[in-house]
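Architecture and fold: a report
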Number of protein chains: 2
Amino acid sequence: MSVAKEVEVANAKYAASFTKGDLALPPQRKVAIVACMDARLDPARVLGLEEGDAHVIRNAGGRVTDALRSIIISQQLLGTREIIIVHHTDCGMLTFTDEVIRGKIRADLHQNVDHIAFLPFGDLKQSVLDDVKSLKESPLVLDVPITGYLYEVETGKIVKV
Amino acid sequence: MSVAKEVEVANAKYAASFTKGDLALPPQRKVAIVACMDARLDPARVLGLEEGDAHVIRNAGGRVTDALRSIIISQQLLGTREIIIVHHTDCGMLTFTDEVIRGKIRADLHQNVDHIAFLPFGDLKQSVLDDVKSLKESPLVLDVPITGYLYEVETGKIVKV
């Protein structure tokens, strides 16, 4: 069975007991979360978010460069006034370099992706510091509280950086 | 209290009963979800995902253009072999145009962002079809099952497009 079929079955259960059909479009807690796409990190469970609470932006590494379009829309059109960044231990972004993945794609898919920055990093803590700094310095991002965390996939804990 | 302080409190509860410290890095169900950042849509709950199951990539609108870097990493380095796209009713992306948001940023932040495509759309169903097609045609994306859904924020149901 494809995962698509499985999620349709799971969704039928969710919809059967659904009671949140009147939530407003703007996030109630006025916060945008930027987190890694990693399968072991569920931002809602890890951070205690309910439906309607927060924008959740996710990508490989939880990198803000790749989240800028979404952050601008979140702040300018939907009123969020705080940003929380969550990277995590054992991240896949620690395991490769641009050269490695570009070489793999050249060999396997016969495509040149030298123009794509895959945004890997060598130091977890520094990756969070870099992303907080990048947002604080961006003229396109409002001057709002920005907090960075490392999520420990081994313990379930977030640790402020 | 900042939301950051609140999520620290919520996380202490999550970590106290955490039992999933030995999950593998690659997603167990070999699927990447691309979904909107909307606060009302919790992909894990809506689709029945547990920690460790799936990559979850989220951005404003759930647009694949903005998810390509992450999808490539997901497939090439972490072995996912299916993609599920989830857009939703009452999406903020239906409420503006590039001209509107560029004008707002020019007026409020005194910045020129004419180079940023904010990827709004006028038709929900078409936005899903466009994104499925875009991935199917991309030479950087593997030939895997790709399914598109609209999540109904009013009912909790997903509807295949």
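A few points on the structure. If you're wondering where the values come from, they're calculated on a predicted model, not measured in any experiment.

When chain B is brought onto chain A, the operation consists of a screw motion whose angular component is 180 degrees and whose axial shift is 0.0 Å, with 0.0 Å RMSD remaining. Taken together, these values place the two copies in the relation of a two-fold axis. Identified as the residue of chain B closest to the rotation axis by C-alpha distance is Arg58(B), at 2.3 Å. When the interface residues of chain B are mapped onto chain A, 100% of them again fall at the interface, so both copies present the same face.

A separate point is helix α4 (residues 98-109) of chain A. End to end, α4(A) covers 16 Å across 12 residues, agreeing with the expected 16 Å (1.5 Å per residue, within 8%). The set of residues buried in α4(A) consists of Asp98(A), Ile101(A), Arg102(A), Ile105(A) and Leu109(A). Within α4(A), the buried residues cover an arc of 100 degrees as seen down the axis, which keeps them to one side. Of the surrounding elements, those touching the buried residues of α4(A) are α3 (68-78) of chain B. Just past α4(A), the residue His110(A) takes up positive phi, approximately 55 degrees.

A separate point is the pairing of strand β1 (residues 31-36) of chain B. Residues and elements named next belong to chain B. Of all the six residues making up β1, six are buried; the element is thus mostly covered by neighbouring parts of the structure. With six bridges connecting them, β1 and strand β2 (residues 54-59) associate as parallel partners. When the sheet's bridge partners are listed, Val-31 is paired in β2 with Ala-54.

Moving on, we come to the pattern of salt bridges. Applying the stated criterion to the full structure yields 32 salt bridges over all chains. In this structure, Asp42(A) and Arg45(A) form a salt bridge, with 3.2 Å as the shortest nitrogen-oxygen distance. On the basis of relative accessibility, which here comes to 25%, the residue Arg45(A) falls in the partly exposed class. Its salt-bridge partner being Asp114(B), residue Arg106(B) comes within 3.0 Å of it at the nearest N-O pair. Members of the salt-bridge network, linked through shared partners, are Lys20(A), Glu50(A), Glu51(A), Asp42(B) and Arg45(B).

With that out of the way, let us pick up the interface of chain B and chain A. Facing 81 residues of chain B, the contacting portion of chain A comprises 81 residues. For the pairing of chain B and chain A, the buried interface totals around 6,900 Å² over both sides, and the portion due to carbon and sulfur atoms is 61%. Summed over the three residues of chain B that lose the most area to chain A, namely Met37(B), Arg45(B) and Arg69(B), the buried surface amounts to 12% of that side. A salt bridge links Arg29(B) to Glu6(A); the nearest nitrogen and oxygen atoms lie 2.8 Å apart. For the pair chain B and chain A, the interface holds 39 residue pairs in polar contact (both at pLDDT 80 or more). Of all the secondary structure elements, the ones that give two or more residues to the side of chain B that touches chain A are α1 (3-16), α2 (43-47), β2, α3, α4 (98-108), β4 (146-151) and β5 (158-160) of chain B. It is α1(B) that contributes the most residues to the side of chain B that touches chain A, 10 residues altogether. In terms of residue class, the side of chain B that touches chain A is made up of 43 nonpolar, 15 polar and 23 charged.

All names here are of chain A. When you tally the buried positions in strand β3 (residues 83-88), you get six out of six residues, the bulk of the element. Taking every second residue as pointing to the same face, both faces of β3 are buried, with Ile-83, Ile-85 and His-87 on one and Ile-84, Val-86 and His-88 on the other. Pairing between strand β1 (residues 31-36) and β3: four bridges, direction parallel. In the sheet register, Ile-33 faces β3, and the bridge partner there is Ile-84.

Bringing the nonpolar core into the picture now. Counting 104 residues, the largest nonpolar core has Ile33(A) and Ile33(B) as the members making the most contacts within it. Setting aside anything within four residues of it in sequence, one finds Ile33(A) in contact with Leu47(A), Leu49(A), Ala54(A), His55(A), Val56(A), Ile57(A), Ile84(A) and Val86(A).

Thresholds applied
- Along each chain, residues carry numbers from 1 onward, in the same order as the chain's sequence is written.
- As they are written, the chains are lettered A onward and the ligands numbered 1 onward, keeping that order.
- In keeping with the predicted nature of the model, local features appear solely for residues at pLDDT of at least 70, side-chain atom pairs appear and are counted solely at 80 or more, and the whole-chain, interface and lining totals rest on all residues.
- To get the side-chain values, all heavy atoms of the structure are used, and hydrogens and water are removed first.
- All copies are superposed by least squares; the fitting set is the C-alpha atoms of residues with a pLDDT of at least 70 in both.
- By the convention used here, residues are in contact when the closest approach between their heavy atoms is within 4.5 Å.
- The helix count covers DSSP runs of H or I at least four residues long, the strand count covers runs of E at least two residues long, and both are numbered beginning at the N terminus.
- Take the residue count of a helix, subtract one, and multiply by 1.5 Å to get its expected span.
- Any residue under 20% of the maximum accessible area for its type is buried, any over 50% is exposed, and the rest in between are partly exposed; the area is computed with a 1.4 Å probe on protein chains only.
- What the arc covers is the set of directions going from the helix axis to the C-beta atoms.
- Whether two strands pair depends on DSSP finding at least two bridges between them.
- Basic side-chain nitrogens of Lys or Arg form a salt bridge, by our definition, when they fall within 4 Å of a carboxyl oxygen of Asp or Glu.
- Reported buried area values correspond to the accessible surface (1.4 Å probe) lost by two parts on association, with both partners' losses combined.
- The definition of a polar contact used here is a pair of N or O atoms within 3.5 Å, where within protein one atom must be able to donate a hydrogen and the other to accept one, and adjacent residues in sequence count solely through side-chain atom pairs.
- In the scheme used here, Gly and all other residues not listed as nonpolar or charged are polar, with Ala, Val, Leu, Ile, Met, Phe, Trp, Tyr, Cys and Pro taken as nonpolar and Asp, Glu, Lys and Arg as charged.
- Residues grouped as a nonpolar core are buried Ala, Val, Leu, Ile, Met, Phe, Trp, Tyr and Cys residues, joined through side-chain atoms within 4.5 Å.

So, to be careful, I would describe these as geometric facts and stop short of saying anything about function.
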